[in-house]
Amino acid sequence: GGNTYKGLIDLGYDKFTVPLWGGFDGFDITKPDPLYNKGMEGVPTDLNNYIYNTYKRAIDSVADPEFVDMNLLVTPGLTTDGLTTHMIDVCEARADALALIDLPDVYLPNHETYEADIKDRQASSPSDAANALRQRQIDSSYGATFYPWVQTVDEGTGQALWVPPTVAMMGVLASSERASQVWFAPAGFNRGGLSDGAAGIPVTSVSRRLTSKERDTLYEARINPIASFPSTGIVVFGQKTLQERPSALDRINVRRLVIYLKKQISILSTQVLFEQNVQATWNRFKGLIEPFL
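Nothing here was measured: the structure is a model prediction, and the numbers come from that model.

### Brief notes about the packing of helix H2 (residues 50-60) against helix H3 (residues 81-94)
Thought 1: At a closest axis distance of 10 Å, the pairing of H2 and H3 adopts a crossing angle of 10°. The angle between H2 and H3 falls in the class roughly parallel. Here Tyr52, Tyr55, Lys56, Ile59 and Asp60 of H2 lie close against H3, whose contacting residues are Gly82, Leu83, His86, Met87 and Val90.
Thought 2: When grouped by side-chain class, the residues that make up the contact of H2 with H3 number 6 nonpolar, 2 polar and 2 charged.

This is how it looks when you write it as structure tokens:
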């Protein structure tokens, strides 16, 4: 009875098991870091590259301001242009968060490529980084970037560890706000002294010591330098956003102030939502907002 298709079905061969060999499910587990930037070379999209798709879905998951309350978006170590630009676009669409992004090739860690000499790990000079950022033509006060990487101490092992500048800057923004207010510049020796603990982690070195001319080159391209001085230590030496046109919003402290005001006024204004559009409602609204301002 097994010579016809009906006979085969009667014998239970209506289902098939296909053993798959090789490959991997999702992440490439043969890589030290399956989400490495070098794995997104060429023209990656969320349809042809699992790394790009993973990052993009993660960024998109915080795109709705009603679902996720935040004022800062950071993905330390992610340097792929399309994704870091997408982070800024998401923050601009939310209009209530600032994206801190890392630039490509400032420092190449071990999981990206093996280089024995630290000089070979610095694939991008300050002028290279400045020119590359200009060519991207980002014009947004909802993004900011820093240069170079910094060295810290791993708490678990006690070993020196190189980390992207966004790691330190998250701590600087937080400590600056705690010590003063959100509208104070998170830079300079008072609030941006990394050697003095402004990052919340010990910062012991920079991947490249910047000259005065290199700091100027970076700052003119809207890249905030992290400077190292022999006498006063390591310090954040700029607070520009990625906005091209000169205005108050080309500074991090002003953008963060406006974000704070927007959010607080939005919360207060819910108390007069759907009330009559009459003078009494306007007076009540002013009574809520003016004391806060």
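### Some remarks on the environment of Gln243
Thought 1: Note on placement: Gln243 falls in the loop between strand S8 (233-236) and helix H9 (252-269).
Thought 2: The spacing of Gln243 and Ile265 is 22 residues in sequence and 24 Å in space, taken between C-alpha atoms.
Thought 3: Dropping the residues within four chain positions of it, Gln243 is found in contact with Asp139, Ser140, Ser141, Arg222, Leu249 and Asp250.
Thought 4: At 2.9 Å, the side chain of Gln243 forms a polar contact with the backbone oxygen of Arg245.
Thought 5: Among the polar contacts listed, one links the side chain of Gln243 to the side chain of Ser247, at a separation of 2.7 Å.

### Points about the pairing of S8
Within a regular beta strand, the side chains point alternately toward one face of the sheet and then the other, so they alternate between its two faces.
Thought 1: Both strand S7 (residues 224-229) and S8 contribute to a ladder of 4 bridges, which runs antiparallel. Bridge pairing in S8 links Ile226 to Val236.
Thought 2: Counted between consecutive antiparallel strands, the loop separating S7 from S8 contains 3 residues.

### Observations regarding the sheet that holds strand S4 (residues 150-153)
Thought 1: The sheet built from 3 strands is open, its strands ordered S5-S4-S6 with antiparallel pairing. Both outer strands of the open sheet, strand S5 (160-163) and strand S6 (203-206), are each paired with one neighbouring strand and no more. When the angles between neighbouring strand axes are averaged without regard to direction, this sheet yields 35°.
Thought 2: Bridging between S4 and S5 involves 4 bridges; their strand directions are antiparallel. Bridge pairing in S5 places Thr152 opposite Leu161.

### Comments concerning the environment of Ile201
Thought 1: On the secondary structure map, Ile201 appears in the loop between helix H7 (188-191) and S6.
Thought 2: According to the relative accessible area criterion, Ile201 is partly exposed, its value standing at 27%.
Thought 3: Here the alpha-carbon distance between Ile201 and Glu275, two residues 74 residues apart in the chain, equals 49 Å.
Thought 4: In contact with Ile201, not counting residues within four places along its chain, are Thr152 and Val167.

### A short note on the environment of Ala187
Thought 1: Locating Ala187 in the fold gives a position in the loop between helix H6 (165-179) and H7.
Thought 2: As a C-alpha pair, Ala187 and Val172 span 15 residues in sequence and 8.1 Å in three-dimensional space.

### Some details on helix H5 (residues 126-136)
Thought 1: Turning to H5, its buried residues are Pro126, Ala129, Ala130, Leu133 and Arg136. Along the axis of H5, the buried residues cluster in a sector spanning 120°; they form a single face.
Thought 2: Structurally, H5 contributes buried residues whose contacts are with H3, strand S2 (98-101), strand S3 (143-147) and helix H8 (212-220).
Thought 3: Following H5 by one or two positions, Gln137 has its phi on the positive side, about 55°.

What counts and what doesn't
- Residues numbered from 1 in each chain as written.
- Predicted model: local features only at pLDDT ≥ 70, side-chain atom pairs only at ≥ 80, totals over all residues.
- Heavy atoms only, no water.
- Axes fitted to C-alpha atoms, helices over the stretch in contact; angles between N-to-C directions.
- Helix = DSSP H or I, 4+ residues; strand = E, 2+ residues; numbered from the N terminus.
- Parallel < 35°, antiparallel > 145°, perpendicular 65-115°, else oblique.
- Contact = heavy atoms within 4.5 Å.
- Nonpolar A, V, L, I, M, F, W, Y, C, P; charged D, E, K, R; others polar.
- Polar contact = N/O pair within 3.5 Å; in protein donor to acceptor, adjacent residues only side chain to side chain.
- Pairing = 2+ DSSP bridges.
- Buried < 20%, exposed > 50% of the residue type's maximum accessible area, 1.4 Å probe, protein only.
- Arc of directions from axis to C-beta.

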